[in-house]
Amino acid sequence: MNKQFKELVSALIDMVNLPPVRMEVEAVRQGNFRGFDSNRFYLVDSGSLSARYQDRTVYILDEGDLLLPDIAGTSHAGMAVFYGSEAGASLYGYSGLEFMQCLFSEPSAVKVWTRLLITYAGLMLRITAANTREDAVATPGFEEYQPGEIIIHQGERAEYVFNLSAGTAEVIVDEVIVGRINEGEIFGAMAALTQSDRSATVRARTRCSVVKVPNEQFTDLIRSNPATIHSLLVDMANSIVNLNEQLVGLRNQPGGS
């Protein structure tokens, strides 16, 4: 999943194509590195950064990782995340406002951004699970399916929203194939948003890698990020087009009504 996240970061940086400001970070153990701005994006070019929360190192950012802006900032010491480096690092800094303006001007970049956020959420879930007591329920954030395996069962209760990070899957209703899900698409959101049972089965057509996000977290993501809504609407529109094509094909067959 970390490899996938870095690939998405690289693709997004290329699409945004915004000139960065290079920064050299000296080793610092306490507080944020000099020049840190909670309103900027930072790409780690070399070395590593440590993210510390309540005096504990939570995770490490290394080459190719993206440090996202922190909306909480440092206004509340008890809630702040501090970033430092044990041995120094080289970073590229981007204005958060300019970065997002460039991003939203390019529809393909919006889709990559949405995939990046969902993958990031999956990474954070795994980090949280790794630091949770053994008797607590851990949420799997990433799974792989072999061809023919069922990802979603029609009629089951919706607990997760999925992003297909690799492979292709087919949508089946009452044992009839009605559509296909391609790499990068979000699926399973309708049942999650309407709090209803799954209306279709999703089966892996090829080897599939998926990111799973709990319903509650996906709902929060939609409320806070319009890009997720845009990508979701695009995927739903594509699904409707595919279904219409299937129906037209059936009607054009001999004996079709």
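Refer to the structure presented above.
Here's a quick rundown of the structure. Fair warning: this is a prediction, and the values are worked out from it, not measured in the lab.

1. Quick word on helix 2 (residues 96–104)
Item 1. The set of residues buried in helix 2 consists of Gly-96, Phe-99, Met-100 and Leu-103. Within helix 2, the buried residues cover an arc of 90° as seen down the axis, which keeps them to one side. Opposite the packed face of helix 2, turned more than 90 degrees from it, sit the exposed residues Leu-97 and Gln-101.

2. Concerning the side chain of Ser-85
Item 1. Here Ser-85 is to be found in the loop between strand 5 (81–84) and strand 6 (89–95).
Item 2. Separated by 2.8 Å, the side chain of Ser-85 and the backbone oxygen of Ser-48 make a polar contact.
Item 3. A polar contact of 2.8 Å, which involves the side chain of Ser-85, links it to the backbone nitrogen of Gly-88.
Item 4. Sequence-distant contacts of Ser-85, defined by excluding residues within four places in its chain, comprise Val-25, Glu-26, Ala-27, Val-28, Ser-48, Leu-49 and Ser-50.

3. Let's talk about helix 1 (residues 2–16)
Item 1. With 15 residues, helix 1 should cover 21 Å at 1.5 Å per step; its first-to-last C-alpha distance of 21 Å lies within 8% of that length.
Item 2. Along helix 1, the positions that sit buried rather than exposed are Gln-4, Phe-5, Leu-8, Val-9, Leu-12, Ile-13 and Val-16.
Item 3. Looking one or two residues beyond helix 1, the residue adopting positive phi is Asn-17, at roughly 55°.

4. Regarding the packing of helix 1 against helix 2
Item 1. In the contact formed by helix 1 and helix 2, the axes pass within 9 Å of each other and the chain directions differ by 85°. One finds that helix 1 runs roughly perpendicular with respect to helix 2. Of the residues in helix 2, those in contact with Leu-12, Ile-13 and Val-16 of helix 1 are Phe-99, Cys-102 and Leu-103.
Item 2. Considered class by class, the residues forming the contact of helix 1 with helix 2 number six nonpolar, no polar and no charged.

5. A look at the side chain of Asp-65
Item 1. On the secondary structure map, Asp-65 appears in the loop between strand 3 (56–62) and strand 4 (66–67).
Item 2. One buried charged side chain, Asp-65, makes no salt bridge at all; its nearest oppositely charged neighbour is Lys-6, positioned 4.2 Å away.
Item 3. Of note is the side chain of Asp-65, whose polar atom sits 2.9 Å from the backbone nitrogen of Asp-62.
Item 4. Residues in contact with Asp-65, not counting those within four places in the same chain, are Asn-2, Phe-5, Lys-6, Tyr-42, Leu-43, Val-44 and Ile-60.

6. Details of the sheet that holds strand 12 (residues 186–187)
Item 1. Spatially, 7-14-9-12 is the arrangement adopted by the four strands of the open sheet, whose pairing is antiparallel. The open sheet has two edge strands with one neighbour each: strand 7 (142–145) and strand 12.
Item 2. With two bridges joining them, strand 9 (residues 160–166) and strand 12 adopt antiparallel strand pairing. Looking across to strand 12, one finds that Asn-163 is bridged to Ile-186.

7. Observations regarding the environment of Asp-174
Item 1. With respect to the secondary-structure elements, Asp-174 resides in the loop between strand 10 (169–173) and strand 11 (176–181).
Item 2. For Asp-174, a relative accessible area of 57% puts it in the exposed group.
Item 3. For the pair formed by Asp-174 and Ser-199, sequence separation is 25 residues and the distance between their alpha carbons is 9.4 Å.

Rules used throughout
- Residues numbered from 1 in each chain as written.
- Predicted model: local features only at pLDDT ≥ 70, side-chain atom pairs only at ≥ 80, totals over all residues.
- Heavy atoms only, no water.
- Buried < 20%, exposed > 50% of the residue type's maximum accessible area, 1.4 Å probe, protein only.
- Helix = DSSP H or I, 4+ residues; strand = E, 2+ residues; numbered from the N terminus.
- Arc of directions from axis to C-beta.
- Polar contact = N/O pair within 3.5 Å; in protein donor to acceptor, adjacent residues only side chain to side chain.
- Contact = heavy atoms within 4.5 Å.
- Expected span 1.5 Å × (residues − 1).
- Axes fitted to C-alpha atoms, helices over the stretch in contact; angles between N-to-C directions.
- Parallel < 35°, antiparallel > 145°, perpendicular 65-115°, else oblique.
- Nonpolar A, V, L, I, M, F, W, Y, C, P; charged D, E, K, R; others polar.
- Lys, Arg positive; Asp, Glu negative; His and termini not counted.
- Salt bridge = Lys/Arg side-chain N within 4 Å of Asp/Glu carboxyl O.
- Pairing = 2+ DSSP bridges.

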